[in-house]
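Understanding the architecture of this molecule
So you can see what is in the structure, the chains are spelled out below.
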Amino acid sequence: RPIPRRVMRGMGRARGDRLQLLIWCVIAGSVVLWVRAAYLQILRHDELQKMARGQQSEMIRIPSLRGPILDRAGDRLAYSVEGSSLAVDPKFLTHPDSLAYALEARGLLPASQVLELLDRAGPNKRFVWLVRGKILEEDAAALEEQFAPAVIRMPEPKRLYPLGAAAGPLIGSTGVDGQGLLGLEARYERDLHGVDGKMLDFLSGHRGNHDGPGRIVLAAPQIGATTALT
C-alpha cells in the first residue's frame, strides 16, 4: 500500500529536525571543548605548568661546606668534609626486609631499627631518614643503586673536630642539619655556613625513576669563610 505524500513529508521533516539537532549538538560540544581548552591553556596555564614541573622535576638543596675554624698558628680546630646521608621513600620500597638486612650487614643500623622506622612512618610518608652523616661514600652509592628509586642519597657534609673535646665550650658544635649551635660555631654561623647550591633532578616514568635528563646543578655551593682565632 503506498505511503501518503503527507506522511512522507512529515517523515522527511522529522529526519531533517533530527539531523539539525545533531548538528547543533556537535557545534555546542565543539564550543564547549574550545572554551575548556582556552580556559586551561590561557587562564590556568601558569598553575598547570607549575604542577607539571612539580611532578616531573624536584629541586634539591646542595649543602655548602662550613668554613674552617683555625687557631692563631693556622691549625684546624674545626672543618668540614663531603659526606652523604641516606633516606628512603616507602612508596617505592617493595622489600623492606631486604633493605633492613642490607643496612645491618654494612654495620649502619640494626635491621629491627630500620623496620621500626618504616612502621612508624606509615604508608603515606614519602621521605624517611635512615642514616645521617655517618656513612662511607661507597656504602651510600651501593645502597642507592641496589634499592633505587626507594633509597635516596643526599649530600650532607660532616663536621670534624681534630682536638675532640678540647676547647669545646669555645669552639662550640653544630646540629644534625649542620647549623651552629654553641660557641664560635653559633656566633659566626652566617659567615661559616656559606651558600647552599641548587640541583634540579628530573623525574621520568610512572615510578619516579631518576632516569630522565638526570641531575643538573643550577648553582654550585660556596664554602663558608675561614675564621681564625687570635
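Everything discussed here concerns the structure shown above.
A brief report on the enclosed structure follows. The residue numbers shown here count from 1 along each chain, following its written sequence. In view of the model being predicted, local features appear only for residues whose pLDDT reaches at least 70, and side-chain atom pairs are presented and counted only at 80 or more, with totals across whole chains, interfaces and linings using the full set of residues. Here the side-chain values reflect all heavy atoms present in the structure, with hydrogen atoms and water set aside.

**Notes on the nonpolar core**
Selection criterion: Joining through side-chain atoms within 4.5 Å is the link that ties buried Ala, Val, Leu, Ile, Met, Phe, Trp, Tyr and Cys residues into a set, and such a set is a nonpolar core. Note on exposure labels: buried denotes an accessible area under 20% of the residue type's maximum, exposed denotes more than 50%, and partly exposed covers the range between, all computed with a 1.4 Å probe on protein chains only. Going along the chain from the N terminus, every DSSP run of H or I of four or more residues is numbered as a helix, and every run of E of two or more is numbered as a strand. The contact criterion used throughout is that any non-hydrogen atoms of two residues lie within 4.5 Å.
Formed by 23 residues in total, the largest nonpolar core has its most connected members in L86, V88, L99, L103, V114, L130 and L143. At the level of elements, β4 (84–88), α3 (96–105), α4 (111–121), β5 (128–131) and α5 (137–146) are the ones that each hand at least two residues to this core. The contacts of L99, once residues within four sequence positions are left out, are V88, L93, L130, F147 and V151. With six residues, the next largest nonpolar core counts I69, I171, L184 and L192 among its residues.

**Digging into α3**
Selection criterion: An arc is given here, and it is the one of the directions from the helix axis to the C-beta atoms.
Restricting attention to buried positions, one finds in α3 the residues L99, A100, A102 and L103. All buried residues of α3 project into a common sector of 165 degrees when viewed along the axis, lining one side. Exposed positions of α3 whose direction lies more than 90 degrees from the buried face are Y101 and A105. On its buried side, α3 packs onto β4, α4, β5, α5 and β6 (151–155). Positioned one or two residues after α3, G107 has a phi angle of 75 degrees, which is positive.

**A short note on the environment of Y79**
One can find Y79 in strand β3 (residues 76–81). Accessibility expressed as a relative area gives 17% for Y79, which makes it buried. When the C-alpha atoms of Y79 and L65 are compared, they prove to be 8.5 Å apart, with 14 residues separating the residues in sequence. If sequence neighbours within four positions are ignored, Y79 has contacts with P68, K158, R159, L160 and P162.

**Some words on the sheet that holds β5**
Our working definition: Two strands are said to pair when DSSP picks up at least two bridges between them. To obtain an axis, a line is fitted to C-alpha atoms, over the contacting stretch when the element is a helix, and the angle between two such axes runs from 0 to 180 degrees between their N-to-C directions.
As summarised here, the arrangement of the three strands in space is β5-β4-β6, forming an open sheet in which the pairing is antiparallel. Strands with a single pairing partner mark the edges of an open sheet, and in this sheet they are β5 and β6. Adjacent strand axes in the sheet meet at a mean angle of 40 degrees, parallel and antiparallel pairs treated alike. Note that β4 and β5 share three bridges and pair antiparallel. Within β5, the position partnered with V88 by the bridge is V128.

**Digging into the packing of aromatic side chains**
For clarity, the threshold we go by: Here is the rule: rings of Phe, Tyr and Trp (six-membered ring for Trp) pair when centre to centre is within 6.5 Å. Planes less than 30 degrees apart are stacked, more than 60 are edge-to-face, and the remainder are tilted. Counted as over-ring charges are cases with an Arg CZ or a Lys NZ within 6 Å of the ring centre that also lie within 35 degrees of the ring normal.
In total, this model carries one aromatic pair according to the counting rule given. Both rings, one in F127 and one in W129, keep their centres 5.1 Å apart while their planes meet at 90 degrees; by these two values the pair is edge-to-face. Look at W129 and you get partly exposed, because its relative accessible area is 30%. Above the ring of Y79, the side-chain terminus of R76 is found at 3.7 Å from the ring centroid.

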